[in-house]
Amino acid sequence: MSVVASRVGVSTASVVDFDRSRRWGAWYVAEHELRRIPGYKWSMLATAIGSPLLYLLAFGVGLATLIKTGGTAGIDGVSYAQFVIPAFLCAGAVGTATEEFTFGVLLGFKWNETYLGMNAGPITPRQIAGGHILFTVIRMTITSGIFLAIAMAFGAIRFPQGLLVLPIAVLGGLAFGIPIAAYSTTIREDRGQFAVIGRTIVLPMTLFSGTVFPITQLPIWLQWIGWISPLWHSTQLSRVAAYGHVEPGWLTLVHVVVLLALIVVGALIQVRLTVKRLNR
């Protein structure tokens, strides 16, 4: 390689850097995204710490005192805080994924065009798409990890089995966020599409996915919203991990399969659309 490089006037170091970028391009994209975090680290930390504290106070101390089941406070055989906090942890991961896979994607394509600059070098469109997913996984893991630590400190999630809630929440965030990223890749002009997603998809999904009350309390003609919601599937899995929520084994398997299917299919579509847009 060094002989060929010298003949065409390219240094060996440049060839090595090119090869390294080709091999680790997705990690370089994630590194770039991580380096922009210090610009809003304090707001991110405030949200990551403040949200679980507010949820614990509002639902664990406030609303929980008004909810009685069989003469004792709680739902599903546990306190209301233990019931609702795993769901809010999953909902928080979905919120982080939604932010990064909507505005974050459009930022790279249009507002500062970093994706175009990366594509002009040795980094491929597939690596750009994969790198953004990798960064979002890292960010969800950090914010959800802080949420989980606070919840465990207050006894809302049991240790150590509750640690499984973290990967479940990240899985749920990806299952919802990656298909949204595929849609964001197609947007050329921001005309409020993301606000529409928040109001017509994210909000109803949060309300009707068994987060603050069991989905079985909904009329049967509304329960389908939860069945097709990745948030419901991740919420149910998180409750199994957090306090041993009892459900049939086949249903637990369905939760896992649905989440993985959404991630895989969404990623395939997103990568294809990213390649098409950057190589047009």
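Parameters and conventions
- Residues numbered from 1 in each chain as written.
- Predicted model: local features only at pLDDT ≥ 70, side-chain atom pairs only at ≥ 80, totals over all residues.
- Heavy atoms only, no water.
- 1 Å grid on protein atoms, 1.4 Å probe; cavity = no way out; pocket = protein on both sides within 12 Å on 5 of 7 lines; lining within 4 Å.
- Points joined across faces, edges and corners; volume = space filled by probe spheres on them.
- Helix = DSSP H or I, 4+ residues; strand = E, 2+ residues; numbered from the N terminus.
- Axes fitted to C-alpha atoms, helices over the stretch in contact; angles between N-to-C directions.
- Parallel < 35°, antiparallel > 145°, perpendicular 65-115°, else oblique.
- Left-handed = near helix turned anticlockwise from the far one by under 90°.
- Contact = heavy atoms within 4.5 Å.
- Nonpolar A, V, L, I, M, F, W, Y, C, P; charged D, E, K, R; others polar.
- Salt bridge = Lys/Arg side-chain N within 4 Å of Asp/Glu carboxyl O.
- Buried < 20%, exposed > 50% of the residue type's maximum accessible area, 1.4 Å probe, protein only.

A. Layout of the layout of surface pockets. Volume-wise, the largest pocket comes out at about 570 Å³. Around the largest pocket, the lining comprises 28 residues; the ones closest to its centre are Ala91, Gly92, Ala93, Gly95 and Thr96. Breaking the lining of the largest pocket down by element, the ones donating at least two residues are helix 3 (41-62), helix 4 (80-111), helix 6 (125-153) and helix 8 (193-207). For the lining of the largest pocket, the leading source of residues is helix 4, giving 12 residues.

B. Representation of the packing of helix 4 against helix 10 (residues 230-243) within the structure. At their nearest, the axes of helix 4 and helix 10 sit 9 Å apart, and the two run at 135° to each other. Overall, the two elements helix 4 and helix 10 adopt an arrangement that is oblique. Judged by the sense of rotation from one axis to the other, the crossing of helix 4 with helix 10 is right-handed. Residues Gln82, Phe83, Val84, Pro86, Ala87, Cys90, Ala91 and Val94 of helix 4 form the contact with helix 10, whose own contacting residues are Leu231, Ser234, Thr235, Ser238, Arg239, Ala242 and Tyr243. Classifying every residue of the contact of helix 4 with helix 10 by side-chain character gives 10 nonpolar, 4 polar and 1 charged.

C. Representation of the pattern of salt bridges within the structure. With the rule as written, the count across this model stands at 6 salt bridges. Ionic pairing is found between Glu31 and Arg35, a salt bridge with its closest N-O pair at 2.9 Å. Of this pair, Glu31 and Arg35 are both found in helix 2 (residues 12-35), 4 residues apart, which corresponds to roughly one turn of the helix. Arg139 is the salt-bridge partner of Glu99, the closest N and O atoms lying 3.4 Å from each other. Remark: Arg139 occurs in helix 6 and Glu99 occurs in helix 4; sequence separation between them is 40 residues. Glu99 sits in the partly exposed class, given a relative accessible area of 37%. Using a relative accessible area of 6% as the deciding quantity, one classes Arg139 as buried.

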